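As a plain string of letters, each chain reads:
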Amino acid sequence: MPPFNLTSLTPATFILAGIPGMEKFHIWISIPFCSMYLAALLGNGVMLFVIRTERSLHQPMYLFLSMLAIADLMLSTTTLPKMLALFWFSAGEISFGACLTQMFFLHFSFSAESVILLAMAFDRFVAICYPLWYVAVLTHSAVVKTGLLALLRSFCIIFPCIFLLKRLPFCGHNVIQHTYCEHMSIARLACADISINILYGLAVPFAAIVVDVVLIAVSYVLILLALFRLPTRTARHKAFNTCVSHVCVILLFYIPAFFTVLTHRFGQQIPHHIHILLANLYVLFPPLLNPVVYGVRTQQIKEKVMKVFICPKSHLLQE
């Protein structure tokens with residue numbers, strides 16, 4: 001077993017166990033996980049490239065979408081490479097500092113993505129309910145400030161978790177029954193009272209996410225009321241279509257997250273390997289499906305992708 005620092009009772013390393021009870025299936029599980037990760041990299045990369053190169057997409061809605069793609073890439077890249085190394089090479093050893101770093105960026109990217117989804121809901125609210133104010137309210141400066149706010153809030157919420165973990169003595173085993181490091185899986189290895197970690201880890205980040213969800217819900221209630229007041233069916237249909245993609249992304253993001261949290265806290269009857277699989281899907285599904293949803297549902301993005309990737313090839317073939 002890796003050595004422990006006897007003066008601070010801080011482990012030199014942790015061991016990620018993977019998916020308990022399914023170790024012999026790690027290679028097979030890694031195939032869909034790796035495929036989904038590569039697809040997420042490709043989809044979000046294409047999204048960022050298209051929005052960056054097409055000036056017509058330099059609008060608040062698409063700038064928020066590019067922030068979402070960056071948060072998705074951070075969420076998946078924080079966990080998947082180490083997870084695949086564990087599955088393929090049994091490389092489960094991770095240093096204490098690297099484990100805390102992974103934990104920080106995992107929760108940080110999730111919190112930032114929640115703020116971005118709230119900003120996107122506000123964007124749709126202003127566009128539909130107060131269209132004449134849209135250009136004045138959602139300026140490029142406002143978009144940049146929103147991005148900075150997402151970074152600042154996420155940092156302020158997650159950074160204390162590092163100190164809450166570093167203050168704990170770790171004098172028992174150092175095997176984390178998970179495929180990546182997250183706050184409570186590390187805290188449970190400590191040989192001390194972790195009630196503060198439990199209280200903070202559940203109350204503060206969860207409360208912040210719940211506030212985001214409530215504000216998003218209020219935005220869409222007001223949007224629906226505004227849609228019913230539009231004069232024509234065509235106008236209602238067009239406005240509704242601009243919201244469908246965002247609603248799908250919201251559901252893809254929050255439902256797996258809340259389901260994972262609730263089953264982790266209250267689903268004691270659910271086998272542990274099911275908890276771990278759900279937690280892995282929670283970091284894979286949003287990055288994988290968000291580009292697909294926006295690519296399929298948003299006409300402007302479909303047209304620009306065709307223009308950037310298809311049209312140049314057709315011109316070359318003609319020449």
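Scope of this entry: the structure provided in the associated data block. In this text, all values refer to a predicted model and were calculated from it rather than measured experimentally.

**Things to note about a nonpolar patch on the surface**
Here is step 1: The grouping of L202, F206, V210, V214, V218, V221, L222, L225 and V261 at the surface amounts to a nonpolar patch, some 640 Å² of accessible area in total.
Here is step 2: At 8 residues, helix α7 (residues 195-228) tops the list of elements feeding residues into the nonpolar patch.
Here is step 3: Take L225: it is sitting in helix α7.

**Some remarks on the sheet that holds strand β3 (residues 13-16)**
The pairing of strands in a sheet happens through backbone hydrogen bonds and is either parallel or antiparallel.
Here is step 1: Taking strand neighbours across the sheet as the criterion, the 3 strands line up as β4-β3-β5 in an open arrangement whose pairing is mixed. Two strands close off the open sheet at either side, each with one partner strand: β4 (93-95) and β5 (175-176).
Here is step 2: Pairing of β3 with β4, which is carried by 3 bridges, proceeds in the antiparallel orientation. Across the sheet, residue I15 finds its bridge partner in β4, namely E93.

**So, the side chain of H107**
Here is step 1: Take H107: it is sitting in helix α3 (residues 96-129).
Here is step 2: Not counting chain neighbours up to four residues away, the residues in contact with H107 comprise I158, E182 and H183.

**As for the packing of α3 against helix α5 (residues 140-166)**
Here is step 1: Two elements in contact, α3 and α5, have axes separated by 8 Å at closest approach and are oriented at 145 degrees. Remark: the crossing between α3 and α5 carries right-handed chirality.

**Topic: the environment of L277**
Here is step 1: Take L277: it is sitting in helix α9 (residues 272-297).
Here is step 2: With relative accessibility at 22%, the residue L277 sits in the partly exposed group.
Here is step 3: In this structure, the C-alpha to C-alpha distance between L277 and L117, residues 160 residues apart in sequence, is 25 Å.

**Some points on the packing of aromatic side chains**
Here is step 1: In the structure shown here, the tally under the stated rule is 18 aromatic pairs.
Here is step 2: Ring centres 6.0 Å apart and planes at 80 degrees place the aromatic pair F104 and F155 in the edge-to-face group. In this pair, F104 sits in helix α3 while F155 sits in helix α5, placing the two residues 51 residues apart along the sequence.
Here is step 3: Judged by its relative accessible area of 10%, F104 falls in the buried class.
Here is step 4: With a centroid separation of 6.3 Å and 35 degrees between ring planes, the pair formed by F122 and F125 is classed as tilted. Of this pair, F122 and F125 both sit in helix α3, 3 residues apart, which is roughly one turn of that helix.
Here is step 5: Looking at F125, the relative accessible area reads 15%, which means it is buried.

**Some remarks on helix α2 (residues 60-89)**
Here is step 1: With 30 residues, α2 should reach 44 Å at 1.5 Å per residue; the first-to-last C-alpha distance of 43 Å fits that figure.
Here is step 2: Of all bends in α2, the biggest is about 30 degrees, found at T77, and the proline P81 comes one to four residues later.
Here is step 3: Positive backbone phi, approximately 55 degrees, marks S90, located one or two places after α2.

Conventions and cut-offs
- Residues numbered from 1 in each chain as written.
- Predicted model: local features only at pLDDT ≥ 70, side-chain atom pairs only at ≥ 80, totals over all residues.
- Heavy atoms only, no water.
- Patch = residues over 30% accessible without salt bridge, like charges linked within 9 Å, V, L, I, M, F, W, Y side chains within 5 Å.
- Areas by Shrake-Rupley, 256 points an atom, 1.4 Å probe, with all protein chains shown as cover.
- Salt bridge = Lys/Arg side-chain N within 4 Å of Asp/Glu carboxyl O.
- Helix = DSSP H or I, 4+ residues; strand = E, 2+ residues; numbered from the N terminus.
- Pairing = 2+ DSSP bridges.
- Contact = heavy atoms within 4.5 Å.
- Axes fitted to C-alpha atoms, helices over the stretch in contact; angles between N-to-C directions.
- Left-handed = near helix turned anticlockwise from the far one by under 90°.
- Buried < 20%, exposed > 50% of the residue type's maximum accessible area, 1.4 Å probe, protein only.
- Phe/Tyr/Trp six-rings, centres within 6.5 Å; stacked < 30°, edge-to-face > 60°.
- Expected span 1.5 Å × (residues − 1).
- Bend = angle between axes of the 7 residues up to and from the residue.

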